[in-house]
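Secondary and tertiary structure notes
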Protein chains: 2
Amino acid sequence: MHSHRSSLGTLLHHVHVSGPLSRAELGERMGVNRSTVLALTSELVAAGLVREEPPTGVTRAGRPSLVVRPESERVFVIAFDVAVDRLTAARVGLGGQILDRRSAARSRAGADLETVVRQLAGMGRELIAAVPAGSMCAGLGAAYCGMIRPGDGMVRYGPEMGWVDQAFGAELARALGLGLPVAVGNEAHLGALAEFERGAGRGSPDLVYLHGDVGVGGGILVGGKLLGGDAGYGCEVGHMLVNPTDGRPCLCGSRGCLEAETGEYALLAAAGRAGTDPERNAGLGRDAVGQAGAEIGWEAVRAVVRDAAGGDRDAAAAVAEIGDWLGIGVANLINLFNPAVVIFGGMLRDVYGAAAPQVSARIARHAMPVSRERAKLRVSELAGDATLIGAADLGFAALLNDPLSPSRTPRLTAGIRR
Amino acid sequence: MHSHRSSLGTLLHHVHVSGPLSRAELGERMGVNRSTVLALTSELVAAGLVREEPPTGVTRAGRPSLVVRPESERVFVIAFDVAVDRLTAARVGLGGQILDRRSAARSRAGADLETVVRQLAGMGRELIAAVPAGSMCAGLGAAYCGMIRPGDGMVRYGPEMGWVDQAFGAELARALGLGLPVAVGNEAHLGALAEFERGAGRGSPDLVYLHGDVGVGGGILVGGKLLGGDAGYGCEVGHMLVNPTDGRPCLCGSRGCLEAETGEYALLAAAGRAGTDPERNAGLGRDAVGQAGAEIGWEAVRAVVRDAAGGDRDAAAAVAEIGDWLGIGVANLINLFNPAVVIFGGMLRDVYGAAAPQVSARIARHAMPVSRERAKLRVSELAGDATLIGAADLGFAALLNDPLSPSRTPRLTAGIRR
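This text gives an overview of the structure that appears in the document. Not measured: the values here are computed from a predicted model. Along each chain, residues carry numbers from 1 onward, in the same order as the chain's sequence is written. Starting at A for chains and at 1 for ligands, labels are handed out in the order in which the entities are written. Owing to the predicted nature of the model, reporting of local features is limited to residues with pLDDT of at least 70; listing and counting of side-chain atom pairs is limited to 80 or more, with chain, interface and lining totals taken over all residues. The side-chain figures draw on all heavy atoms in the structure; neither hydrogens nor water molecules are used.

Comments concerning the overall build of chain A
Short version of the rule: Here a helix means four or more residues in a row that DSSP labels H or I, a strand means two or more in a row labelled E, and each is numbered from the N terminus. Each residue is assigned to one of three classes by its accessible area relative to the maximum for its type, calculated with a 1.4 Å probe on protein chains only: buried under 20%, partly exposed between the two thresholds, exposed over 50%. Residue contacts follow a heavy-atom distance rule, with two residues in contact if any of their heavy atoms lie within 4.5 Å. Reported accessibility uses the Shrake-Rupley method at a 1.4 Å probe radius. Residues are deemed covered only where the shown protein chains occlude them.
Counting its regular elements, chain A contains 16 helices and 16 strands. Going through the 418 residues of chain A one by one, you find that 57% of them count as buried. The contacts of chain A with a sequence gap of at least 6 include a subset with a gap of at least 24, amounting to 65%. Total accessible area on chain A is roughly 15800 Å²; 50% of this is exposed by carbon and sulfur atoms.

Observations regarding the environment of B:Pro403
Residues and elements named next belong to chain B. Locating Pro403 in the fold gives a position in the loop between α15 (386–401) and α16 (409–412). Overall, Pro403 belongs to the buried group, its relative accessible area being 5%. Each C-alpha atom, one on Pro403 and one on Gly9, is 5.8 Å from the other, the two residues being 394 residues apart in sequence.

Notes on the interface of chain A and chain B
The condition is simple: Each of two parts loses accessible area, computed with a 1.4 Å probe, when they are put together; buried area is these two losses added. In what follows, salt bridge is the name for a side-chain nitrogen of Lys or Arg lying within 4 Å of a carboxyl oxygen of Asp or Glu. Identification of polar contacts relies on pairs of N or O atoms within 3.5 Å, with a donor-acceptor requirement for protein atoms, meaning one able to donate a hydrogen and the other able to accept it, and with residues adjacent in sequence counted only if both atoms are side-chain atoms. Under the scheme applied, nonpolar residues are Ala, Val, Leu, Ile, Met, Phe, Trp, Tyr, Cys and Pro; charged residues are Asp, Glu, Lys and Arg; polar residues are all the others, including Gly.
In this assembly, 42 residues from chain A lie in contact with 42 residues from chain B. Both sides together, the interface formed by chain A and chain B hides about 3600 Å², and carbon and sulfur atoms give 61% of it. Ranking the residues of chain A by area buried against chain B places A:Asp230, A:Leu336 and A:Met368 at the top, with a combined share of 19%. Our count for the chain A to chain B interface comes out at 4 salt bridges. With a shortest N-O distance of 2.8 Å, A:Arg156 and B:Glu373 are connected by a salt bridge. Our enumeration of links across chain A and chain B arrives at 23 residue pairs in polar contact (both at pLDDT 80 or more). At the level of elements, β9 (154–158), α12 (313–337), α13 (347–366) and α14 (369–372) of chain A are the ones that each hand at least two residues to the side of chain A that touches chain B. Among the residues forming the side of chain A that touches chain B, the class breakdown is 22 nonpolar, 13 polar and 7 charged.

Quick notes on the sheet that holds strand β8 (residues 147–149) of chain A
Residues and elements named next belong to chain A. Applicable threshold: Strands are labelled as partners when DSSP assigns at least two bridges between them. Axes here mean lines fitted to C-alpha atoms, for a helix over just the part in contact, with angles spanning 0 to 180 degrees between N-to-C directions.
Ordered by their spatial adjacency, 3 strands build an open sheet running β8-β9-β10, and the pairing between neighbours is antiparallel. Whereas interior strands pair on both sides, the edge strands pair on one side only; in this sheet they are β8 and β10 (163–166). Looking at each pair of strands side by side, their axes are set apart by 20 degrees on average, direction ignored. As defined by bridge partners, β9 adjoins β10 across 3 bridges and the pair is classed as antiparallel. The partner of Gly158 across the bridge, within β10, is Trp163.

Some words on the nonpolar core
Counted only if it meets this: The criterion is simple. A nonpolar core is a set of buried Ala, Val, Leu, Ile, Met, Phe, Trp, Tyr and Cys residues joined through side-chain atoms within 4.5 Å.
Of all hydrophobic cores here, the largest spans 162 residues; its most connected members are A:Phe168, A:Phe337, B:Phe168 and B:Phe337. Those residues in contact with B:Phe168 that lie beyond four places of it in its chain are B:Val82, B:Leu113, B:Val116, B:Val117, B:Leu120, B:Ala142, B:Tyr144, B:Gly153, B:Val155, B:Trp163 and B:Val184.

Here we look at helix α12 (residues 313–337) of chain B
All names here are of chain B. We apply this condition: What a helix should span is 1.5 Å times the count of its residues minus one.
With 25 residues, α12 extends 35 Å between its outermost C-alpha atoms, agreeing within 8% with the 36 Å of an ideal straight helix rising 1.5 Å per residue. Burial analysis of α12 places 18 of its 25 residues in the buried class, the great majority of the element. For α12, the side-chain oxygen to backbone nitrogen distance between the N-cap and Asp314 is 3.0 Å, and the N-cap itself is Asp312.

Quick word on the relation of the copies chain A and chain B
As a reminder, the rule being used: Least-squares superposition aligns the copies on the C-alpha atoms of those residues with pLDDT at or above 70 in both.
Mapping chain A onto chain B calls for a rotation angle of 180 degrees and an axial translation of 0.0 Å; the resulting RMSD is 0.0 Å. Both chain copies can therefore be described as sitting about a two-fold axis. Every residue of chain A has its C-alpha some distance from the rotation axis, and the shortest such distance is that of A:Val242, at 3.0 Å.

Describing the packing of helix α2 (residues 23–30) of chain A against helix α3 (residues 34–46) of chain A
Residue and element names in this part refer to chain A. Stated formally: Should an angle fall under 35 degrees it is called roughly parallel, over 145 degrees roughly antiparallel, and 65 to 115 degrees roughly perpendicular, with every other angle called oblique.
Where α2 contacts α3, the two axes come as close as 9 Å, and the packing angle between them is 110 degrees. Between α2 and α3, the interaxial angle falls into the category roughly perpendicular. Residues Arg23, Ala24, Leu26, Gly27 and Met30 of α2 form the contact with α3, whose own contacting residues are Arg34, Val37, Leu38 and Leu40. For the contact of α2 with α3, the class distribution of residues is 6 nonpolar, 1 polar and 2 charged.

Section: the side chain of B:Thr387
Of note, B:Thr387 is situated in helix α15. Within the structure, B:Thr387 has its side chain in polar contact with the side chain of B:Asp81 (distance 2.7 Å).

Here's the deal with the pattern of salt bridges
Residues and elements named next belong to chain A. Within the structure shown, the criterion is met by 46 salt bridges over all chains. Residues Arg248 and Glu261 are paired through a salt bridge, measuring 3.9 Å at the closest nitrogen-oxygen approach. Of this pair, Arg248 sits in the loop between β14 (225–226) and α7 (258–262) while Glu261 sits in helix α7, and the two are 13 residues apart along the sequence. Judged by relative accessible area, which is 24%, Arg248 ranks as partly exposed. Judged by relative accessible area, Glu261 falls into the buried class, the value being 2%.

Points about unusual backbone geometry
Notably, A:Cys235 is not glycine yet its phi reads approximately 70 degrees, a positive angle. Mapping A:Cys235 onto the fold places it in the loop between β14 and α7. Phi is positive for B:Asn338, close to 45 degrees, though the residue is something other than glycine. The topology assignment puts B:Asn338 in the loop between α12 and β15 (341–346). For B:Asn338, a relative accessible area of 3% puts it in the buried group.

Topic: the packing of aromatic side chains
Note the threshold: Centres within 6.5 Å are what make two rings of Phe, Tyr or Trp a pair, Trp counting through its six-membered ring; a difference in plane orientation under 30 degrees is then read as stacked, over 60 as edge-to-face, and the rest as tilted. Only when the NZ of Lys or the CZ of Arg is both within 6 Å of the ring centre and within 35 degrees of the ring normal is a charge said to sit over the ring.
Tallied over the full model, the rule gives 9 aromatic pairs over all chains. Seen from their ring centres, B:Trp163 and B:Phe168 are 6.1 Å apart, and the 55 degrees between their planes marks the pair as tilted. Across this residue pair, the class does not change: B:Trp163 and B:Phe168 are buried. Ring centres 4.1 Å apart and planes at 5 degrees place the aromatic pair B:Phe344 and B:Tyr352 in the stacked group. Judged by relative accessible area, B:Tyr352 falls into the buried class, the value being 11%. Aromatic rings pair up to connect A:Tyr144, A:Trp163 and A:Phe168 into one cluster. Sitting over the face of the ring of A:Phe76, A:Arg91 holds its NZ or CZ atom 5.7 Å from the ring centroid.

Okay, structure coming up:
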């Protein structure tokens, strides 16, 4: 039974990640024969998880192999993404399509658990209310910009929002009231997994994903698995000390961390733009940043990058300086992880786009030739949606693990309003 | 059949790592019943790999469970260890006991492949010549102080010895002429695995092992497996850049690498001791170091540590300075890997013993509280033998993977002189 269940999950995972596949392709990928694919598909069709249909756009001699397509409109998760400046919720269909989305800018001030949960739950309820009749909610997933305790979604530490030991997963599940748990992961961890499944990391089970979201997070896959470490708190790339001599202050209380040297505050400060001192954002002074009226966030980062390209010397110098530190961090990660690919996501997608020469020069200088000889540098293919798609995949995990679990059937229709 | 073979290997691995175990203990560890243990043991006894005997030193009511003991005197590997200053070869019995050993100091000058292989092969032949009648050579393993290509034991890069792309494994196997391949691994990788199996890392599948051998190497286990990365070149901890501002020169050509700041040259230079400038050791000046007559190597490191404890202010300052950099490196590794334990091996065992306060202070300052809350700091339990025991385990790997492989039987008696 276990093997049969796991085969059902494997087939569903293939169409979830790759989209419609013919029975022949499925058989080849899974190493099973056609009759097994047929039997597995029939069960998944009966459960309403996939459907079979003739292939589109291909004419061939002989009877075409039917394609197995995920029921993307019918089977969905609600995915949440808590970034420093923005809250997002989306209905994501089996197959990874974003079917519906709500988002709201968030002030960097007033980031208490209750407020954030209330806003997210409101968005979630709106999405659920708009669901077509007959849909099935397979799960709930959330990405958060901080360190997450595996198992219960407790935020152990979220320096950008000032959170320590906040029961985010449990509170969001309670506020949603769907009778479903919310699976929570660190945003960069989830972004790494999403890029591995569907983005710039496809086919590269050893990869490093760097995510810029005011600070800098990391998600590192070792042999296709997220590097968790002893208790699930590995990959804290952003707090790798790269500048011990005259480092910029970091929200974590240290100085010279990779995120202090390459994050939004560093870039804006280096470019001489206002309202960007992280010390003013820490502790009592936290409210000062947003209120000062200075441009902050992703748009501010993009403005520096754009101005640098347009000939602004201060902006260009800032991009080069940040690129130098980013390159040092990446060189260290290449030495430690010998990754097949390093992926720049979130704001770092923009920063790397402008600072690639500095990054590459530092890698050439500080990474061992043997460690870097096959390492590719890429920008996120999922771009702004990497963390949200990763959260959705977290929500789908239980379904993909055991698609026909009897304990899930009641859940599948829970919370659906007609 | 596969499952049966793998059970034979599992049983043999248990007694190899833990020493004599009762049938009852084996059954419990393997989750199989007594009759299965009995059957597996009988096959291994017949193959001459284990024997059964009454337990020693325990008196109990009822018939005592026989203990299964590895045939440590009879089944052996030859293990080699190429450190910067010393070549070692040992006959190591099943169970991990060092039964016989040869070693020779090595000059830092004149480290060409041919010379090293000739010396090692000579030691190996001496060890083989002294083997008791009826013994079985199960394999050959070697630890090397550099980056090793998996599969063929090619040294891709060994900066301390100036090696690039040297066919070490193949040449050593050829020189030994036993008809057996030599499995080669990086010394710190093998030390990490040995400490996990038998030392300070027992029970900690997520660990970081740091090995001081002039330079600094690292072996990192993630979920019980060595972090290899895309091509097997992960764990290059020693070339993590920690001091980008005014770093000491490193043999790799960069400056401010962890090994440049915490290795032997850094400690001796900081203590004001002579003949220790790595730039003089690089390129044409390489011969200068040994010839200058200055004390170098492990004894020189221990002398600084001893003098620091004895009140020598220069030595104490040097230890503190190196401890600071070591702490920064360890803090970074804790942030990245969330290890259960960090183990200091080789020369770093001595350095950490003296500089623990600096190391701990840096970890407290630069590692995330959530990442470090459960991380323990330990010194190597296998001490000077960690890398040699790791090399032996590499030599035993094929036997433990498939103890009764028909293709191995001829090998088992190969090369044995009576």
